[in-house]
Amino acid sequence: MFRELLGGLRTTMRAMTTKPVTIQYPEEQRTVPPRHRGRHILHRYDNGLEKCIGCELCAGACPVGCIYVQAAENDPQHPVSPGERYAVRYEINLMRCIYCGYCAEACPTEAITLGPRLDLSDYKRERLVATKDDLLEAWPGFRPLSQGAGEGTGSPAPQPTPLGAGSEHRGPAGRAPGLNPPIPVRPDEGRGTPPV
Amino acid sequence: MAAVEAPGELLRVTIDDRQVEVAPGSLVWDACEKAGVYVPVYCAHKKLEPVAVCRMCLVEIEGMPKLQPACATRVSQGMQIRTATDQVRDFRRGNLEFLLLNHPLDCPVCDRGGECDLQDFTQRYGPGRTRSAITDKVHFDKAVRLSDRILLDQERCILCWRCVRYYEEVTGEREIVLQERGVHTLVDTFEHRELQSEFQGNLPEICPVGALTHAQYRFRARPWDLRRTASVCPKCSYGCNIFIDAREEQIARFASNDNPDVDDSWLCDRGRYSFPELNRTERVLNPEARLGGGRQPVAHSEALARAAGALLRVRGDHGAGAVGFLCSPQVTNEEGFLLQWLARQVVGSPHLDHRLEPLPELSPEQFRLGIAELEERDAVVVLGDAPERSAPVLTLRLFKTETKRRRRVLRVPLGTPAASLLEPLQGCRSVGVVAHQEQRSEAVALSRSLAGAGLSSSVLTLVEGMNARGCQDLGVSPAVLPGYQPAAEPGMHGRAILEAAAAGSIKALVLLSPDPEWERDPAFEAALSEVEALIVVTPWLGLASRQATVLFPGRTVAEKAGTVTSTEGRVQRVRTALQPRFPFPPDLRVLGELGGALGTPLGVQPLAGPVFSLIAEAVPPYRGTQGGLRADWGAPA
Ligand code: SF4
Ligand code: SF4
Ligand code: SF4
Ligand code: SF4
Ligand code: FES
């Protein structure tokens, strides 16, 4: 019986001396792979115009139907996006989304991509319907794509995260800024080309 | 091929190993459709003459060295047609490649994306990529405002001529022309004038691509967002068939739903663009009742009990004749029938109407002539311009009768004596008389005199209001019972009811979907402020909803199910296209339950189907008509 007891204790002692696998989440965040498919981001062009043109192709491609887009006509004096059309309302039901990335695939302007944000929980269901304000890159002050962490690796650059200072989104990931430090994205280690 | 066929004999043709028989004179396209073989077309349109300009429909016909356009080639006996050969496939691919050469392909911002023939055919038959090295496409203007209703994207036009031919063949107004030549050809209005037509809304529907679009539908929705419900246009009594396309319980557009007997697939702009009024969100949302000083929301059952109580009290104190019933012609047949049941059978009052002005001398003789039958008459006499102002789509039918069917259409001023018509009608054997309802007696008299002169003649009058004809058929009128039986003791007409209410002899009023227009009438206001009990079922906020003692939230035409009767006596279905924003029972149920609360149960469920059986029992011509047939009122006496 002692033998078994000692065996158990040894396991315990060994665990006490090794480095823990847990982290101080949410103060600390895990590094996510560059192609992680987390909460969506709506991008802007470098001049601040929104890339999204409200075409609803993402909504059409979405297998679960969790995207809602309402388009409208741009005012030529104060355009929201280049061209005639933009999205006045853009909403994604994050509870229903299966993070398949089809929306990003379908988008003709590369306006939507899936980002690193993965801590999607809330006390209120309604707040898990991300609105355009939640999803859109902040302006001014967002990190343009050209300075992204994965620059020069020959693969799509990792998403600039809109979660830094100046970000004004409410909703799922946006509350209590102190608890939501930027999520580090691991540099792309040659995983740009998917296995054939 | 040279075989001579007897006229009327069916021709046997083979299409991709399928044999069909078609009438002589049919197009290869029709034969393909009959055989169930799909042929892509751009310029061809079922309602327009063939021009064969787009070359999309080319097929192989044995014995002919080159491909032939299916849309313009007539069949002959024993024709062998092939649509799936390599040559046809190659040609389609090449044709699409040419069409896309200068096409902007801005599908993501194009309103047609998702229901565009260019997208569909490219997907199905197209090359997928271009071989040409042209990077600089020919550009034209985008979003050109042709009028406040129609936008034109000249780049997206594939020059199919449909819009030009529509204006030439269907309306005769010729407002759109093709300009320039070759690669610079573009569609525009003549000298950039604004479109004036009353039928512009049909343009985006016939355009196979996203060149012509509705200003009102601009960026509203994608086709996959829309829920489509077949219904009837609510704007006039003509009964044009429509699709209500709704997105999130809001109507995004009305689209035409071809019924060759009524609208022939065309709608007028007044009807097509009328839906924003049905999208209004300021609505009556709760049953309410006047309790003590003010009015408060109450439960539906309590509102019913209070309405019944008020009516019983007035009938007890002042007799049944102190209760008046009014509805607008926007009610369905079922609702109208139950309102007249409530008035005559339950309460026992003869005072009931579907409009304010009196309407004596109603008879089925006033609409014996059907809309489609106009084309079969040797001549059509139209009295004044009121019929076409009341139902604009009638103009297109008359134009077709005149141009395509080559009949005589005489537009004569009111009061034209029959004798002066005999000369222009020389040589005609049958004639149709079209008039507004206000001229019903004149029209019937004219028709009788023409019949006296040896012509076979009948009348079509145009009534005012979506279901005015149904209200008249079903006796929602003071002088006639259902089926045009004369009432033993005729009641007061609408305005007389209001005046009696203002004078104090009518103590209770029941209003079902009152016409918002009535609020401008001082008599309406006076009546509403004087009556003791005012029971209102209405969707809209206004004078009636403010003054009501008991108020029920009503439904708009887009929110209810039932039948309506068009001016030619055609009984057509309206269907629930939108869910109302409140959970309370529909108007029909309110009427049925009110009868029950007053002590006379209806006997059937207050739903459209069972109530229609009651109607069919009371008015035999309505039997079996609810699928869109005209009620048959028998031969003229
Ligand atoms: S990731 Fe997939 S499920 Fe989620 S919104 Fe995009 S398409 Fe829809
Ligand atoms: S995100 Fe892309 S696909 Fe979706 S509406 Fe905007 S532009 Fe279209
Ligand atoms: S007309 Fe058709 S193919 Fe052309 S941009 Fe519009 S949707 Fe695309
Ligand atoms: S505007 Fe449309 S209907 Fe007119 S020619 Fe061009 S493609 Fe055809
Ligand atoms: S459809 Fe036959 S040539 Fe255009």
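The shown structure was predicted, so the numbers you read here are calculated from the model rather than taken from an experiment.

### A look at the overall build of chain B
Here's step 1: The secondary structure content of chain B amounts to 18 helices and 28 strands.
Here's step 2: With the C-alpha coordinates of chain B rotated into their principal frame, the extents come out at 90 × 60 × 50 Å.
Here's step 3: Sorting the 637 residues of chain B into buried and exposed places 49% on the buried side.
Here's step 4: Considering only contacts within chain B whose residues lie at least 6 apart along the sequence, 68% involve residues at least 24 apart.

### Some remarks on the overall build of chain A
Here's step 1: Scanning chain A from terminus to terminus reveals four helices and five strands.
Here's step 2: Mapped in sequence order, the helices and strands of chain A form the string α-β-α-β-β-α-β-β-α.
Here's step 3: Counting across all 196 residues of chain A, residues that qualify as buried make up 30%.
Here's step 4: Considering only contacts in chain A between residues 6 or more positions apart, those separated by 24 or more positions represent 73%.

### Digging into the sheet that holds strand S4 (residues 68–69) of chain B
Residues and elements named next belong to chain B.
Here's step 1: Pairing within the open sheet is mixed, and its five strands lie in the order S2-S1-S5-S3-S4. The open sheet has two edge strands, strand S2 (18–22) and S4, and neither has a second partner.
Here's step 2: Pairing of strand S3 (residues 58–61) with S4 involves two bridges; the strand directions are antiparallel. Considered in S4, the bridge of leucine 58 is made with proline 69.
Here's step 3: Where helix H1 (residues 28–35) meets the sheet, its contacts fall on strand S1 (11–15), S2, S3 and strand S5 (80–82), and the angle it forms with S2 comes to roughly 120°.

### Focus: the site of ligand 1
Here's step 1: With respect to spatial proximity, 14 residues lie near ligand 1, and among them A:Cys62, A:Cys97, A:Cys100, A:Tyr102 and A:Cys103 are the closest.
Here's step 2: A per-class count over the shell around ligand 1 returns 13 nonpolar, one polar and no charged.

### A closer look at the sheet that holds strand S12 (residues 241–247) of chain B
Residues and elements named next belong to chain B.
Here's step 1: Taken together, the three strands give an open sheet; going across it, the order is S11-S12-S13, and neighbouring strands pair in antiparallel fashion. Each edge of the open sheet carries a strand with a single partner, namely strand S11 (227–232) and strand S13 (250–256). On average, each strand axis in the sheet is inclined to that of its neighbour by 30°, with strand direction left out of account.
Here's step 2: Where S12 lies against S13, six bridges are found, and the strand directions are antiparallel. Paired with alanine 246 across the bridge in S13 is isoleucine 251.

### A short note on the domain arrangement of chain B
Here's step 1: Taken domain by domain, chain B holds domain 1 (11–84), domain 2 (134–279), domain 3 (288–355 + 467–622) and domain 4 (364–462).
Here's step 2: For domain 1 of chain B and domain 3 of chain B, the distance between their C-alpha centroids amounts to 55 Å.

### Here's the deal with unusual backbone geometry
Here's step 1: The amide bond that connects A:Tyr25 to the next residue, A:Pro26, takes the cis arrangement and shows omega of 5°.
Here's step 2: Phi at B:Arg55 takes a positive value of approximately 65°, unusual for a residue other than glycine.
Here's step 3: The topology assignment puts B:Arg55 in the loop between H1 and S3.
Here's step 4: Even without a glycine there, the phi angle at B:Asp264 is positive, about 55°.
Here's step 5: Residue placement: B:Asp264 occurs in the loop between S13 and helix H6 (269–272).

### Things to note about the interface of chain A and chain B
Here's step 1: On the chain B side, the residues contacting the 13 residues of chain A number seven residues.
Here's step 2: Elements with a minimum of two residues in the side of chain A that touches chain B: helix H2 (57–61) and strand S2 (67–73) of chain A.
Here's step 3: The biggest single contributor to the side of chain A that touches chain B is S2(A), with three residues.
Here's step 4: Per-class residue counts for the side of chain A that touches chain B are six nonpolar, three polar and four charged.

### As for the environment of B:Glu155
All names here are of chain B.
Here's step 1: Summarising the element assignment, glutamate 155 is placed in the loop between strand S7 (150–152) and helix H4 (162–171).
Here's step 2: The spatial distance from the C-alpha of glutamate 155 to the C-alpha of aspartate 141 is 6.7 Å, given a sequence separation of 14 residues.
Here's step 3: Once you skip the residues sitting within four places of it in the chain, glutamate 155 turns out to touch Pro104, His139, Phe140 and Lys142.

### With respect to the site of ligand 3
Here's step 1: Not every one of the 13 residues close to ligand 3 is listed here, only the nearest: B:Cys107, B:Cys110, B:Cys116, B:Val209 and B:Gly210.
Here's step 2: A per-class count over the shell around ligand 3 returns six nonpolar, four polar and three charged.

### Looking at the nonpolar core
Here's step 1: Counting residues in each nonpolar core, the largest one holds 173 residues, and the members touching the most others are B:Cys57, B:Leu342 and B:Leu509.
Here's step 2: Within the second largest apolar cluster, 29 residues are counted, among which are A:Ile112, A:Leu135, A:Leu136 and B:Val109.

### Things to note about the pairing of S2(B)
Here's step 1: As paired strands, S1(B) and S2(B) are joined by five bridges and run antiparallel to one another. Looking at the pairing, B:Ile15 lines up with B:Arg18 of S2(B).

### Some details on helix H14 (residues 494–503) of chain B
Residues and elements named next belong to chain B.
Here's step 1: Where H14 is concerned, the buried positions are Gly494, Ile497, Leu498, Ala500 and Ala501. Buried residues of H14, seen end-on, are gathered within an arc of 165° and therefore sit on one face of the element.
Here's step 2: Buried residues belonging to H14 abut strand S16 (323–327), strand S17 (352–353), strand S24 (508–512) and helix H15 (522–530).
Here's step 3: Trailing H14 by a residue or two, glycine 504 shows a phi angle of about 100°, which is positive.

### With respect to the packing of H14(B) against H15(B)
Residue and element names in this part refer to chain B.
Here's step 1: Their axes nearest at 7 Å, the elements H14 and H15 cross at an angle of 45°. Our classification of the angle between H14 and H15 gives oblique. Viewed along their axes, H14 and H15 form a crossing whose handedness is left-handed. Listed contacts from H15 to Arg495, Leu498, Glu499, Ala501 and Ala502 of H14 are Ala523, Phe524, Ala526, Ala527 and Glu530.

### Re the packing of helix H7 (residues 300–318) of chain B against helix H17 (residues 587–597) of chain B
Each pair of packed helices gets described by two things: the angle between the helix axes and the distance between those axes.
Residue and element names in this part refer to chain B.
Here's step 1: At their nearest, the axes of H7 and H17 sit 9 Å apart, and the two run at 55° to each other. Looking at the two axes, H7 sits oblique to H17. The element H7 and its partner H17 pack so that their crossing is right-handed. From H7, Leu304, Ala305, Ala307 and Ala308 reach across to H17, where they touch Glu593, Leu594 and Ala597.
Here's step 2: For the contact of H7 with H17, the residue count by class is six nonpolar, no polar and one charged.

### Observations regarding the environment of B:Gly321
Residues and elements named next belong to chain B.
Here's step 1: Of note, glycine 321 is situated in the loop between H7 and S16.
Here's step 2: According to the C-beta neighbour criterion, glycine 321 is partly exposed, with 19 such atoms within 10 Å.
Here's step 3: Along the primary structure glycine 321 and leucine 414 are separated by 93 residues, whereas in three dimensions their C-alpha atoms are 39 Å apart.
Here's step 4: If we ignore the near neighbours within four places in the chain, the residues touching glycine 321 are Ser349 and His351.

### Quick word on helix H12 (residues 440–452) of chain B
Residues and elements named next belong to chain B.
Here's step 1: When the terminal C-alpha atoms of H12 are compared, their 18 Å separation across 13 residues agrees well with the 18 Å that a helix rising 1.5 Å per residue should span.
Here's step 2: In the core, the buried residues of H12 are packed alongside strand S18 (379–383), helix H11 (418–422), strand S20 (430–436) and strand S21 (456–462).
Here's step 3: Where H12 ends, the next residue or the one after it, glycine 454, has phi of about 95°, a positive value.

### Some remarks on the confidence of the model for chain A
Reading predicted coordinates in detail is not appropriate for stretches of low pLDDT.
Residues and elements named next belong to chain A.
Here's step 1: Averaged over chain A, the pLDDT score is 77; the fraction of residues at 70 or greater is 72%.
Here's step 2: Note that residues 142–179 has pLDDT below 50 and, in this model, 74 contacts with residues that lie over four places away or in other chains.
Here's step 3: Low pLDDT (under 50) marks residues 190–196, which in the prediction has three contacts with non-local residues, meaning those over four places away or in another chain.

How each quantity is defined
Residues numbered from 1 in each chain as written. Chains lettered and ligands numbered in written order. Predicted model: local features only at pLDDT ≥ 70, side-chain atom pairs only at ≥ 80, totals over all residues. Helix = DSSP H or I, 4+ residues; strand = E, 2+ residues; numbered from the N terminus. Buried ≥ 20, exposed ≤ 12 C-beta atoms within 10 Å, placed from the backbone. Contact = placed C-beta atoms within 7 Å. Pairing = 2+ DSSP bridges. Axes fitted to C-alpha atoms, helices over the stretch in contact; angles between N-to-C directions. Near = placed C-beta within 6 Å. Nonpolar A, V, L, I, M, F, W, Y, C, P; charged D, E, K, R; others polar. Domains from an automatic or database assignment. Core = buried A, V, L, I, M, F, W, Y, C linked by C-beta atoms within 7 Å. Arc of directions from axis to C-beta. Parallel < 35°, antiparallel > 145°, perpendicular 65-115°, else oblique. Left-handed = near helix turned anticlockwise from the far one by under 90°. Expected span 1.5 Å × (residues − 1). pLDDT = per-residue confidence, 0-100.

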